[in-house]
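# An overview of the molecular structure
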Amino acid sequence: MDCEQALNLLSARLDGEISAEESVALDGHLAGCADCRAAGEAMAAQHGRLVRAFAPRRRSAAGVADRVVANLTPRTRGRWMPATLSAAAGFLLAVMLFQPWRHTPPTIVIKHDLTPDISSTRPADTRPAELPAIGRLALATGAVEICRSGTQDWKPMETGGTLPAGASLRTGPKVRCEIRLADGSEVRLNERTELRFTAARTLEMAEGQVWSGVAASESPFTVAVRRATVTALGTQFDLLCHGETTTLSVLDGSTRVKSQLAADGGSAEKTVRSGQVLEIVNGRPGEPSRVHDLMLSTRWVNEILVLKGRDSAELERRVDDLAAQIGELKESFLYEQEIRSLGDHCVVPLTRFIQSDRSKGKDEKRHAAARIVSDVAQPWCIPYLIELLTDRDGEVRSSAAAGLQRLTGTNQELSVEEWQTAPPPQRQKCARSWQQWWEKHKDQFPGATPAPAPPAAQKA
Amino acid sequence: MEDAELVGEARAGKSHAYEQLVRRWAARVTAVCHARLGRADAAEDLAQETLLRGLRALPTLADPAKFGPWLCGIAARACLDWLKAGQRSEVQLSSIPSGNAEALAGSDGVDGHSDLQRREEIDRLMAEVERLPASYREVLMHYYYEDCTYRELAGLLGVSAATVNARLTKARQMLRERMGAGQSSGGR
């Protein structure tokens, strides 16, 4: 192989167009040619600069598309599309209050003739006032910026603000946010993420990490990453893009990954199912593999779920799944750590976990959950601790009593240790005392809300 | 859905079909215009006009499967008309707007002096891209405007994938030489 051939292969390698045999041959040449090695490094560095230089041009091209689409005016207006949305199992329902959508495909009519006066460089202003909204910024842990289609300016976006088609959003360090789309889908951006919302269910990811909870619909939900497209119909998945590598994790449902590269012996399309992870390197999908720590790898969304309040059903499910992993794997301490990092937001989900059939017969998990509740509970959690005093397991009762003693400075006739061994009648009497104490003193604890009735299971 | 199907639906009056075609081809059409004109601003205007002309001319498209190359042909002719109408044909420095600050994403951004240097480098790089010989400029712009594969580029340009590879390599080499000392192997 001569140097000219090597340079061509270096270029092809950069573009993901090199075969395995060519790669081996190239490496053989590079091992003995310092000039080509230096040229390869220079080419890679320049490639990065070119990608950055063309980023605004790509956005401008997308703006061109938006302006053209906005000028395709329908001849007829159809029926309103219902504002209520269906949600796949395990998702939060979102009732969106947006302007109605046309339901019947209209006939295409070009709004006006845009043939340019060739003596001028710019036609009359054809930019639309505003493209239709496809979602809104529902939650954010810090400042989120928006760049609207057809512009180059990034501006702060207020929480609750609407998101027009074609706009891009980005987050800075330590900022996470959630977008609710018109179809009920939820899209969450991790820190340092940039994402373009091309259309209602079409996203384009530049860099960062995005979690999507996709509402079921007939039209596909697609996310374009570098040289590949991820498609889902109704699912939860996470995408992490860094440089040439995209990691897809599917938490629920399934997704389809399609490469944009020519098939050169590798498979261009892969299906990734719940509990699986797949890496896409420069547009080439690898093989899906099963993983057990999806809750940990997507724990960044917990910060957003915490913003939704103590009664977040999704947070409860995540804590449930984390608690179920305690004691299952060598790294189960990581799951316990993750739950503890939620602070008192984990108290309700863990209490329900202890009381449900899901933890039946799994004493180690129940004990661990009770210890966490005892350690992180805040005053508003007192009613939940009182509930746990009636558990059939002495360790659970004892942990609950320890939490109550910490929060109130009292123990109502039974010490923490005695809750393990005292006979049932004595325990029942003491539990009633605690309930009476709470009714008498709860006004001293602002923010406390009465505990809803627990499921009828696991009572002493 | 493939282009041919979308063309069929668009001809049947379904606006969403042509919308999809527009979004699919906007970047490549803009790349054609930018490469032909050497100017980003005029390129966007002509790309927009091309996409609308494409809709009007859809009934004349003989092979719906070749929508993309056909549309790029319209773009090329629009650029030629524009150039013949008396606009400058020489490549000019593109005035990268302040939005090119986005090209610095990932940089430290804290040191204002570094940001300025990087912005100037990006501006100079784009100017050199616009000064490349036409065949190299065209393939490089197509590649960086959208993540095209060699096969897709070959289909668009009417050459082989090997030729695409060779032209991209040559374009990159010329850029490195023209950028000179500022293009260090490990620098950003």
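Cut-off values and rules
Residues numbered from 1 in each chain as written. Chains lettered and ligands numbered in written order. Predicted model: local features only at pLDDT ≥ 70, side-chain atom pairs only at ≥ 80, totals over all residues. Heavy atoms only, no water. Helix = DSSP H or I, 4+ residues; strand = E, 2+ residues; numbered from the N terminus. Buried < 20%, exposed > 50% of the residue type's maximum accessible area, 1.4 Å probe, protein only. Contact = heavy atoms within 4.5 Å. Areas by Shrake-Rupley, 256 points an atom, 1.4 Å probe, with all protein chains shown as cover. Polar contact = N/O pair within 3.5 Å; in protein donor to acceptor, adjacent residues only side chain to side chain. Phe/Tyr/Trp six-rings, centres within 6.5 Å; stacked < 30°, edge-to-face > 60°. Lys NZ or Arg CZ within 6 Å of the ring centre and 35° of its normal. Pairing = 2+ DSSP bridges. Arc of directions from axis to C-beta. pLDDT = per-residue confidence, 0-100. Expected span 1.5 Å × (residues − 1). Disulfide = S-S within 2.5 Å. Axes fitted to C-alpha atoms, helices over the stretch in contact; angles between N-to-C directions. Parallel < 35°, antiparallel > 145°, perpendicular 65-115°, else oblique. Left-handed = near helix turned anticlockwise from the far one by under 90°. Nonpolar A, V, L, I, M, F, W, Y, C, P; charged D, E, K, R; others polar.

This part is about the overall build of chain A. For chain A, the helix and strand inventory stands at 13 helices and 20 strands. Taken over 460 residues, chain A has a buried fraction of 51%. Considering only contacts in chain A between residues 6 or more positions apart, those separated by 24 or more positions represent 56%. Of the roughly 20700 Å² of accessible surface on chain A, 52% is carried by carbon and sulfur atoms.

Another aspect to go through is the side chain of D391 of chain A. All names here are of chain A. By the secondary structure assignment, D391 is in the loop between α10 (382–388) and α11 (394–408). In this structure D391 comes out as buried when scored by relative accessible area, which is 2%. At 2.6 Å, the side chain of D391 forms a polar contact with the side chain of R366. Engagement of the side chain of D391 in a polar contact is seen with the backbone nitrogen of D393, the distance being 2.9 Å.

With that out of the way, let us pick up the packing of aromatic side chains. All names here are of chain A. What the rule picks out here adds up to 8 aromatic pairs over all chains. An angle of 75° between the planes, with centres 5.5 Å apart, marks the rings of W434 and W437 as edge-to-face. Placement of both W434 and W437 in helix α13 (residues 424–441) is noted, with a separation of 3 residues, approximately one turn of the helix. Judged on exposure class, the residue W434 and its partner W437 are both buried. The aromatic ring of W154 is capped on one face by R170, whose charged end is 4.3 Å from the ring centroid.

Here the focus is the environment of L169 of chain A. With respect to the element layout, L169 of chain A can be found in strand β7 (residues 168–171). Considered as a pair, L169 of chain A and E194 of chain A are 25 residues apart in the sequence and their alpha carbons are 5.7 Å apart.

Residue and element names in this part refer to chain A. As defined by bridge partners, strand β15 (residues 245–252) adjoins strand β18 (residues 276–281) across 6 bridges and the pair is classed as antiparallel. Following the sheet pairing, S249 is matched in β18 by V277. Where β18 lies against strand β20 (residues 289–290), 2 bridges are found, and the strand directions are antiparallel. Residue pairing for β20: V277 is matched across the bridge by S289. Here β18 hands over to strand β19 (residues 284–285) after 2 residues, with N282 in that stretch at a positive phi of 50°.

Residues and elements named next belong to chain B. Those residues of helix α1 (residues 3–11) that sit buried are D3, L6, V7 and A10. Each buried residue of α1 sits inside an arc of 105° when the element is viewed along its axis, so together they form one side. Positioned one or two residues after α1, G13 has a phi angle of 95°, which is positive.

Time to look at the confidence of the model for chain B. Residue and element names in this part refer to chain B. Per-residue pLDDT for chain B has a mean of 80; in total, 80% of the residues score no lower than 70. Ranking the elements of chain B by mean pLDDT puts helix α5 (residues 112–131) last with 79 and helix α8 (residues 161–179) first with 93. Below pLDDT 50 for its whole length, residues 89–113 participates in 45 contacts with residues either more than four positions away or in separate chains. Note on residues 181–188: pLDDT is under 50 here. Beyond four places in sequence and across chains, it has 16 contacts. In the predicted complex, the global pTM is 0.55; the interface-specific ipTM is 0.82.

With that out of the way, let us pick up the environment of R273 of chain A. Take R273 of chain A: it is sitting in strand β17 (residues 269–273). With residues near it in sequence (within four places) discarded, R273 of chain A still touches V250, G253 and S254 of chain A.

This brings us to helix α6 (residues 134–145) of chain B. Residues and elements named next belong to chain B. Here α6 is 12 residues long and its end C-alpha atoms lie 16 Å apart, about the 16 Å a rise of 1.5 Å per residue gives. Of all 12 residues making up α6, 9 are buried, and the element is well covered by its neighbours. Taken as a whole, α6 has its buried residues at R137, E138, V139, L140, M141, H142, Y143, Y144 and Y145.

Residues and elements named next belong to chain A. Throughout the structure, instances matching the rule amount to 0 disulfides over all chains. C3 takes part in no disulfide bond, and the closest cysteine sulfur to it belongs to C36, at a distance of 3.6 Å. Assessed through its relative accessible area of 38%, C3 is described here as partly exposed. Its sulfur unpaired, C33 is 3.6 Å from the next cysteine sulfur, which belongs to C36.

Detailed reading of the predicted model is not advised wherever pLDDT is low. In this model, chain A carries an average pLDDT of 79, and 80% of its residues clear a pLDDT of 70 or more. Low confidence marks residues 75–129 of chain A, where pLDDT is under 50. Its contacts with residues over four positions away, or in another chain, come to 119 contacts.

Residue and element names in this part refer to chain A. Pairing analysis gives 4 bridges linking strand β4 (residues 144–147) to β7, with the strands arranged antiparallel. The residue of β7 that forms the bridge with E145 is R170. Strand direction decides the pairing type here: β7 and strand β10 (residues 194–199), joined by 3 bridges, are antiparallel. If you follow S168 over to β10, its bridge partner there is R196.

So, on to the side chain of E186 of chain A. Residue and element names in this part refer to chain A. Mapped onto the elements of the fold, E186 is located in strand β9 (residues 186–189). At 3.1 Å, the side chain of E186 and the side chain of R188 are in polar contact. Within the local environment of E186, its side chain forms a polar contact with the side chain of K308, the two groups lying 3.4 Å apart.

Once that is clear, we can look at the packing of helix α6 (residues 313–325) of chain A against helix α8 (residues 347–355) of chain A. Residues and elements named next belong to chain A. Taken N-terminus to C-terminus, the directions of α6 and α8 make an angle of 55°; their axes are 9 Å apart at the nearest point. Relative to α8, the element α6 is oriented oblique. In the packing of α6 onto α8, the handedness of the crossing is right-handed. Between α6 and α8, the residues in contact are E316, V319, D320, A323 and A324 and P349, L350, R352 and F353, respectively. Here the residues of the contact of α6 with α8 are counted per class, giving 6 nonpolar, no polar and 3 charged.

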